[in-house]
Amino acid sequence: MSETKHNWTKEEILAIYNKPMMELLYEAATIHRLHHDPNVVQVSTLLSIKTGGCSEDCGYCPQAARYHTDIEGNDLMSVQQVKAQALRAKSTGSSRVCMGAAWRNVKDGEEFDQVLEMVRTINKLDMEVCCTLGMITENQAQRLAEAGLYAYNHNLDSSEDYYKEVISTRGYQDRLDTIDNVRKTNVTVCSGGIIGMGEKLEDRAGMLVALSTLNPQPESTPINALVAVEGTPLEDEQPVEIWDMIRMVATTRIIMPETQVRLSAGRTQMSREGQAMCFFAGANSIFAGDKLLTTPNPDVNEDMKMFATLGLDPQKPFTKKVQPQSVEASNSQFEALGEKPKWTRPEHKIERNELAKASGKAQK
Ligand code: SF4
């Protein structure tokens, strides 16, 4: 088996992305088979544990408080609510629960303690637990690890250049610093991005350079197709072509052979045949559940029918790495430090973000 390469260049990645489709598919499927069981796909459930009211200005996100979208916000869910949802997810074949909170960054205090308890609770159900809570410090990463967290999601979204066209309330380096903090623990890294935000192919390749040159590479990489939500700055972007999605998945598979490549947002816009091509090209993880945080997702039964048609099996939990032990809060070695890290706020003007903020379209 070839060694993972960590010095991919944008030119090399573009050359792979632009190969004739049949060559690309063959190469990606070959590498996929060398590193993974091609008939096994991980099923994860994404749970929005705190929705809306976010202070950030991510141009794709209906949860940003400054835009005028129709989503209903909610405060942090209780541990019992989360446990009930996790049990439901387990009963329908999910091996991982990913909890998302619409926060800029984690703040020490009661709410974070509650999230830590959710992590312990789900880990004890023998499911992999992932969190996506915004930027975190090393101490917060250690506390999540100690609670039994399996993975932390923190997407790079796009290339460093294009990131500046989408988000002004934090910098790319903040993302990399958080990933670095997670890497100081035994928690695995989930990081990927979104296509269809108006970026160039060079930006897609740029994002893949940033991800593939991390050493180690992320254990999981979600590839999202933008779901353009009314009221967000990107509401007028056209749906991503299935061929772009397949090329992106195949390229990610080739340059990141060990990573679980995750089909994420945008699956409702994809036919079964399109998704099957993505699995062939190396995707081996999907999100289940009728919602992905706030945007629609295929029905679980439909997914299970697709699995039956394609002869796919859901991946068992802890296939890639052993289950972490959860340390109870009373035995914790890490106290809350109450740090106030200086995450950046570039606050440069992004015209379409400013327009969406000012327009108030949903207030009709
Ligand atoms: S993507 Fe996350 S950080 Fe950005 S606005 Fe949405 S909830 Fe906030």
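(A) Region of interest: the overall build of the chain. Helix and strand content of the chain: 12 helices and 12 strands. The dimensions of the chain, computed from C-alpha atoms along their principal axes, are 55 × 45 × 40 Å. For the chain, the residues scored as buried account for 58% of the 364 residues in total. In the chain, once contacts between residues fewer than 6 apart in sequence are set aside, the share between residues at least 24 apart is 80%.

(B) Inspection of the site of the ligand at higher detail. The full set of residues close to the ligand is C54, E56, C58, Y60, C61, Q63, A64, A102 and R170. Among the residues making up the shell around the ligand, the classes are represented as six nonpolar, one polar and two charged.

(C) Expanded view of the nonpolar core. Counting 90 residues, the largest nonpolar core has I49, Y60, M99, L133 and L144 as its most contacted members. The element contributing the most residues to this core is helix α9 (residues 242-255), with seven residues. In this structure, L46, C98, Y150 and F318 belong to the second largest nonpolar core, which totals seven residues.

(D) Structural context of helix α1 (residues 10-17). The set of residues buried in α1 consists of I13, L14, I16 and Y17. Looking straight down α1, one finds that the buried residues subtend no more than 160° of arc, so they occupy a single side. Buried positions along α1 lie against α2 (21-35), α8 (201-212) and α9.

(E) Representation of helix α10 (residues 272-280) in the model. Those residues of α10 that sit buried are G274, Q275, C278 and F279. One side of α10 holds all its buried residues, which, seen down the axis, span an arc of 145°. Packed against the buried residues of α10 are α2, β1 (40-50), α9, β8 (260-263), β9 (283-288) and α11 (300-310). Two residues or fewer past α10, G282 is found with a positive phi of approximately 120°.

(F) Here's a closer look at the environment of K164. Of note, K164 is situated in helix α6 (residues 160-166). Counting along the chain gives 152 residues from K164 to K316, while the straight-line C-alpha distance between them is 38 Å. If we skip the residues at most four places from it in the chain, K164 touches H348 and I350.

(G) Representation of the environment of W103. On the secondary structure map, W103 appears in the loop between β2 (96-101) and α4 (110-123). The class of W103 is buried, set by a relative accessible area of 17%. Once the C-alpha coordinates of W103 and L24 are considered, the two residues, 79 residues apart in sequence, prove to be 38 Å apart. Excluding its chain neighbours within four sequence positions, the residues that come into contact with W103 are K50, C54, L76, E111, V115, L133 and G134.

(H) Summary view of the pattern of salt bridges. A complete count under the given rule lists 19 salt bridges for this structure. Among the ionic pairs, R352 bridges to E237, the shortest N-O distance being 3.9 Å. One end of the pair, R352, is in helix α12 (residues 351-359); the other, E237, is in the loop between β7 (220-225) and α9, and 115 residues separate them in sequence. R352 gets classed as partly exposed once you look at its relative accessible area, which sits at 22%. Classification of E237 by relative accessible area gives partly exposed; the value is 26%. Here D303 and R267 are joined by a salt bridge, their closest N and O atoms 2.9 Å apart. Taken together, the residues span a long stretch of sequence, with D303 in helix α11 and R267 in the loop between β8 and α10 at a distance of 36 residues.

(I) Structural context of the side chain of H68. If you trace the backbone, H68 turns up in the loop between β1 and α3 (79-91). Polar contacts involving the side chain of H68 include one to the main-chain carbonyl oxygen of K357, which spans 2.7 Å.

The rules behind the values
- Numbers given to residues run from 1 along each chain, matching the order in which its sequence is written.
- A pLDDT threshold of at least 70 governs which residues receive local features in this predicted model, and a stricter bar of 80 or more applies before side-chain atom pairs are shown or counted, although totals over entire chains, interfaces and linings include all residues.
- Each side-chain value is derived from all of the structure's non-hydrogen atoms; neither hydrogens nor water enter the calculation.
- Think of it this way: any DSSP run of H or I at least four residues long counts as a helix, any run of E at least two long counts as a strand, and we number them from the N terminus.
- Think of it in three bands: residues with accessible area under 20% of the maximum for their type are buried, residues over 50% are exposed, and the middle band is partly exposed, with areas taken using a 1.4 Å probe on protein chains only.
- In this description, contact between two residues means that some pair of their heavy atoms is separated by no more than 4.5 Å.
- Here a residue is near a molecule or strand as soon as one of its heavy atoms is found within 4 Å of it.
- Charged residues are taken to be Asp, Glu, Lys and Arg, nonpolar residues to be Ala, Val, Leu, Ile, Met, Phe, Trp, Tyr, Cys and Pro, and polar residues to be all remaining types, Gly included.
- By nonpolar core is meant a set of buried Ala, Val, Leu, Ile, Met, Phe, Trp, Tyr and Cys residues that side-chain atoms within 4.5 Å join together.
- Here, the arc refers to the directions that run from the helix axis to the C-beta atoms.
- A pair is scored as a salt bridge if a Lys or Arg side-chain nitrogen falls within 4 Å of a carboxyl oxygen belonging to Asp or Glu.
- Under the rule applied, a polar contact is a pair of N or O atoms within 3.5 Å (in protein, one hydrogen donor and one hydrogen acceptor; residues adjacent in sequence only if both atoms are side-chain atoms).

Spatial relationships are all this shows, so hold off on functional conclusions.
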